[in-house]
Amino acid sequence: MSTKRTMTLNLTAQEMAVLEQLAEKKDLSKTAVMKLALRLLQTIDVRVEPGKKLLVEDEATNEKSELVIL
């Protein structure tokens, strides 16, 4: 079992509001939302190599948008 470590995260009021809204919407704790966000960013980072694009498609309209991650 891996050792858990604690960190302090300072968020703006707006960032905290977003975190709280997502936690409520997804029925997760704020910690779980942050862990999910970390895993999502890691997955995107691994899959998007230089020269590749990440697209989001609206199935109803077939509209595609490129998602840019810095």
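The following paragraphs examine the structure supplied in this document. Everything numeric here is computed off the predicted structure, so don't read it as measured data.

1. Quick word on the overall build of the protein
For the protein, the helix and strand inventory stands at 2 helices and 2 strands. Secondary structure elements of the protein, listed N to C terminal, follow the sequence α-α-β-β. Here the protein has a C-alpha radius of gyration of 16 Å; the compact-globule value for 70 residues is 11 Å, and the former is much larger. The principal-axis extents of the C-alpha atoms in the protein amount to approximately 40 × 25 × 25 Å. Put simply, the protein has 70 residues, and 6% of those count as buried. In the protein, the share of contacts with a sequence separation of at least 24, taken over all contacts with a separation of at least 6, comes to 13%. With the model as given, the accessible surface of the protein reaches about 7,000 Å², and the carbon-plus-sulfur share is 55%. Across the protein, the 11 positively charged side chains and the 11 negatively charged ones have centroids separated by 9 Å.

2. Observations regarding the packing of helix 1 (residues 13–26) against helix 2 (residues 30–47)
Where helix 1 contacts helix 2, the two axes come as close as 9 Å, and the packing angle between them is 100°. Relative to helix 2, helix 1 is oriented roughly perpendicular. Between helix 1 and helix 2, the residues in contact are Met 16, Leu 19, Glu 20, Leu 22 and Ala 23 and Lys 30, Val 33 and Met 34, respectively. Its residues assigned to classes, the contact of helix 1 with helix 2 shows 6 nonpolar, no polar and 2 charged.

So, how was this worked out
- Residues numbered from 1 in each chain as written.
- Predicted model: local features only at pLDDT ≥ 70, side-chain atom pairs only at ≥ 80, totals over all residues.
- Heavy atoms only, no water.
- Helix = DSSP H or I, 4+ residues; strand = E, 2+ residues; numbered from the N terminus.
- Rg over C-alpha atoms; globule rule 2.2 N^0.38 Å.
- Buried < 20%, exposed > 50% of the residue type's maximum accessible area, 1.4 Å probe, protein only.
- Contact = heavy atoms within 4.5 Å.
- Areas by Shrake-Rupley, 256 points an atom, 1.4 Å probe, with all protein chains shown as cover.
- Lys, Arg positive; Asp, Glu negative; His and termini not counted.
- Charge placed at Lys NZ, Arg CZ, Asp CG, Glu CD.
- Axes fitted to C-alpha atoms, helices over the stretch in contact; angles between N-to-C directions.
- Parallel < 35°, antiparallel > 145°, perpendicular 65-115°, else oblique.
- Nonpolar A, V, L, I, M, F, W, Y, C, P; charged D, E, K, R; others polar.

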